[in-house]
Each structure stands twice: as C-alpha cells, then as structure tokens.
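Summary of structural features
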Amino acid sequence: MYIFEQRQERCVGLASELRSAGIDLQFVTEDFFQTGLGPLLHPGQQTNAILLGECSDIRGHIRTLRSAGCVNPVIVLRDFRNAKDTSDLLNLGADDVIVSPIRGTEVLSRTNSIIRRHYGHAAESVIVGELTAYFDGRDPVVSGSRIKLSKREYSVFQHLALNSNKVISKDAIYDAIYGTSIDQPFDKVIDVYICKLRKKLASASDSGWQYIETVHGRGYKLSSPELPTEVV
C-alpha cells in the first residue's frame, strides 16, 4: 500500500499497526501525486491501495488520482467522524473512509473487499473445481485440505484467483507483484512460483489437477479441468 501522511509523529505508529497485519508499506510525499502515478496505470497495479492521511488538499489529491485514471482502492484515514465530510469524499472518488483509531486488520479487510468487487467477486472466496481461493489472506483449500503458501506464492496465486478463468500475461503478474519494488528479481521468477504452485495444488487435489494452465504466447490461467481455454 502507498501511504500519504504528512504528520511524522503519526507515521511510526501507523506503520507499526499496518505491518502487524502483514501489509507492505511505501510512504509517499506530495510529489507522488505529480510524478508518481504512472506505474499505477500498468496492468496488475490496480490492487495497490492508496491510504490518504489528514491534509489540507485531500480532495484535490483524490481528484488527481481519479483524473489520472487510477482505479486503485483509495481509503481516507480521518481523525474524527463527520458524516458530511465522509459523503463528500466518497462522492469525489474515495472508496472508503476509516476513522481513528486505525487498525491494520480493518484496513486490510476493507481493502480486500474493494479489490474483490473491482474484479467482480462479491463473496470472500471463489470456487474453481476442487479449489477454494480466498481473498481475505487465507491460504487456499484444495479437496478439503488447506495449502500453505509462502508470501510470494500467495501474491501470485491471489492475482490468478482474482482473474480466475481468464488468461493473464506473465508481465501483468510480474508487475502486480514487483512493479513498484526497488529490488526487482530476474524475469523468470514468475515461472518459478507458478511451478511451485502447480506442484502444491496437484499434490493436494484428489484429481491431481494442477489448476494453473499455460496458454502459450499469452500467459497463465487458473481454471478447472472442465473449463475450455477462453479466447479474449
């Protein structure tokens, strides 16, 4: 998540609370709204939430984000509850307003809710054959058994699950996981994680199905064996 919080005394406590919920953070400055929005327009970057702390031009920042074409979840962090202020911010394009005290688990749950609805999932999970994929941070369940995934494996898997039954390019998956990271790994890393995921899913499924299909020249797709390859 990107966090814009100008009050330095709030940053330490806010960072600690959000990281305790497993959230990766990147604090940004005013320059972010002028020159830093480009990467958010790349495929796969739509799941990076933007948290806006108290500031004098919060409405202007929301307008800038939406005018630039950013569809990322935008959540405003307020010190006090104000019904009219909340209504105005939501009408401008904010997705949610959370009032102090800020809890990392609540921020994560609200963000996940916004993301899954953006991808057309009203429920907290999606079922693909023997596989149940969750959007709230839980590891997937295959044939009744929960599969333990590493942090990176889960990130790759979640992006495939959000786009289940659709072909997703390797570049889009890479950008979703590493697009804004300072230290970017070699370009074959997605293939490595896909291989690991396939082994875990196949070992746990009664059918032995890997669930992640390679669509040559286009990318990967999370689908059940009954579904034919989609042409888009």
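Not measured: the values here are computed from a predicted model.

Once that is clear, we can look at the overall build of the protein. Helix and strand content of the protein: eight helices and 11 strands. In terms of overall size, the protein behaves like a compact globule, its C-alpha atoms giving a radius of gyration of 19 Å where 232 residues would be expected to give roughly 17 Å. Oriented by its inertia axes, the alpha-carbon framework of the protein measures out at about 55 × 35 × 30 Å. Looking at the protein as a whole, 47% of its 232 residues are labelled buried. Partitioning the intrachain contacts of the protein with sequence separation of at least 6 by distance along the chain shows that 54% fall at a separation of at least 24. If you sum the accessible surface of the protein, you get close to 11,600 Å²; carbon and sulfur atoms cover 50% of it. When the 27 basic and 28 acidic side-chain charges of the protein are each reduced to a single mean position, those positions are 2 Å apart.

Moving on, we come to the environment of L197. Note on placement: L197 falls in helix 8 (residues 189–204). Separated by 40 residues in sequence, L197 and F157 have C-alpha atoms that sit 7.6 Å apart. When neighbours within four sequence positions are excluded, L197 is seen to be in contact with L149, E153, V156, F157 and I212.

Spatial ordering of the open sheet is given by 2-1-3-4-5, a layout of five strands whose pairing is parallel. Two strands bound the open sheet, and with one partner strand each, they are strand 2 (26–27) and strand 5 (96–99). Bridging between strand 4 (residues 74–78) and strand 5 involves four bridges; their strand directions are parallel. Across the sheet, residue R78 finds its bridge partner in strand 5, namely V99. Each of strand 4 and strand 5 touches helix 4 (residues 83–92); the most contacted strand, strand 5, lies at about 145° to it.

One pass over the structure, following the stated rule, counts 18 salt bridges. Close ionic contact of R59 with D85 constitutes a salt bridge, the shortest N to O distance being 3.1 Å. Highlighted residues: R59 in helix 3 (residues 58–67) and D85 in helix 4, separated in sequence by 26 residues. Residue R59 is classed as partly exposed on the basis of its relative accessible area, which comes to 29%.

This paragraph deals with the environment of T47. Here T47 shows up in the loop between helix 2 (32–35) and strand 3 (50–52). Along the primary structure T47 and Y211 are separated by 164 residues, whereas in three dimensions their C-alpha atoms are 23 Å apart. When near neighbours in sequence (up to four residues on either side) are disregarded, T47 contacts N72, I115, Y119 and L162.

Calculation criteria
- Residues numbered from 1 in each chain as written.
- Predicted model: local features only at pLDDT ≥ 70, side-chain atom pairs only at ≥ 80, totals over all residues.
- Heavy atoms only, no water.
- Helix = DSSP H or I, 4+ residues; strand = E, 2+ residues; numbered from the N terminus.
- Rg over C-alpha atoms; globule rule 2.2 N^0.38 Å.
- Buried < 20%, exposed > 50% of the residue type's maximum accessible area, 1.4 Å probe, protein only.
- Contact = heavy atoms within 4.5 Å.
- Areas by Shrake-Rupley, 256 points an atom, 1.4 Å probe, with all protein chains shown as cover.
- Lys, Arg positive; Asp, Glu negative; His and termini not counted.
- Charge placed at Lys NZ, Arg CZ, Asp CG, Glu CD.
- Pairing = 2+ DSSP bridges.
- Axes fitted to C-alpha atoms, helices over the stretch in contact; angles between N-to-C directions.
- Salt bridge = Lys/Arg side-chain N within 4 Å of Asp/Glu carboxyl O.

So yeah, pure geometry; function would need other evidence.
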